[in-house]
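Observations on the three-dimensional arrangement
One-letter residues, chain by chain:
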Amino acid sequence: MSEVTETADSQAIVIAILKVAEDRAGAILGEARRRAREIVESAKKEAEQIVRARRERVEREMKEEIARRRSAAEVEANQRILRAKKEVIDNLIRILQERLQSIADGEDPNWNYHEILRGYCLEGIKALGEGEIYLIGREKDRELLEKIARELGANVKVDPRSLPIIGGVVLRDSRDERRYYNTFDGRLRDYLERKMPYIVERIFGGI
């Protein structure tokens, strides 16, 4: 009877211990599973953040690359436009120089170069005042300048030197201390400096 009771008691103890162990195991397992879910969820969120960060970085890099390419394209386009405008202006200046050259060479029937040059000389003489005045021009204009000098009086002479100019004349006093420039080159340059904004607006407008 005592053995039976002891066995029953032992079984009860064992059952009680097993119950405690099961409860504890269940609690531990439950905590482990909860923690595992948290770890998985955290890893999932972290992975999503990484993906999102990478996507945002890629998108940002794409936007930056697009902006960079657009900026480079705009710069190139503006440079092309500026080069084209410069080419047009340079061509216009070349045409003007050729036209002045044809006038100076007596090839334009609409202009009398003799009268132009004489007028330039008179303007310079008036500016320099009294005394001997020397005329300096192109080598090919020497004969014409000598003729004009004879027309204007004994105090007007032709300088033995010549200038590499399109046309016109430079006047100096006897000591070459003062000069008066009245050349096609200088007049064209002055005109372009004064009128370039108008010329650009006239040619290109809102282009």
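Before reading on, note that the structure itself is shown above.
Keep in mind that this is a model prediction, so the values were computed, not measured.

Further remarks concern the overall build of the chain. Along the chain, the regular secondary structure elements total four helices and four strands. Mapped in sequence order, the helices and strands of the chain form the string α-α-β-α-β-β-β-α. Split into buried and exposed, the 207 residues of the chain put 24% on the buried side. Within the chain, counting contacts between residues at least 6 apart in sequence, those at least 24 apart form 65% of the total. Carbon together with sulfur atoms contributes 55% to the accessible area of the chain, which is approximately 15,400 Å² in total.

This brings us to the layout of surface pockets. Taken as a whole, the largest pocket holds about 340 Å³ of empty space. Considering the residues around the largest pocket, the lining is formed by 14 residues, among which L96, L100, I103, R187 and L188 are closest to the centre. Residue contributions to the lining of the largest pocket peak at six residues, all from helix α4 (residues 184-204). In terms of residue class, the lining of the largest pocket is built from eleven nonpolar, no polar and three charged. Here the lining of the largest pocket spans two domains, and each of domain 1 (1-110) and domain 2 (112-204) adds at least three residues to it.

With that settled, consider the pattern of salt bridges. Considering all chains together, one arrives at 19 salt bridges under this definition. Linking E65 and R68 is a salt bridge whose minimum nitrogen-to-oxygen distance equals 2.7 Å. Here R68 and E65 lie together in helix α1 (residues 2-104), a separation of three residues that amounts to about one turn. By relative accessible area, E65 is classed as partly exposed at 29%. Looking at R68, the relative accessible area reads 47%, which means it is partly exposed.

Rules of the game
- Residues numbered from 1 in each chain as written.
- Predicted model: local features only at pLDDT ≥ 70, side-chain atom pairs only at ≥ 80, totals over all residues.
- Heavy atoms only, no water.
- Helix = DSSP H or I, 4+ residues; strand = E, 2+ residues; numbered from the N terminus.
- Buried < 20%, exposed > 50% of the residue type's maximum accessible area, 1.4 Å probe, protein only.
- Contact = heavy atoms within 4.5 Å.
- Areas by Shrake-Rupley, 256 points an atom, 1.4 Å probe, with all protein chains shown as cover.
- 1 Å grid on protein atoms, 1.4 Å probe; cavity = no way out; pocket = protein on both sides within 12 Å on 5 of 7 lines; lining within 4 Å.
- Points joined across faces, edges and corners; volume = space filled by probe spheres on them.
- Nonpolar A, V, L, I, M, F, W, Y, C, P; charged D, E, K, R; others polar.
- Domains from an automatic or database assignment.
- Salt bridge = Lys/Arg side-chain N within 4 Å of Asp/Glu carboxyl O.

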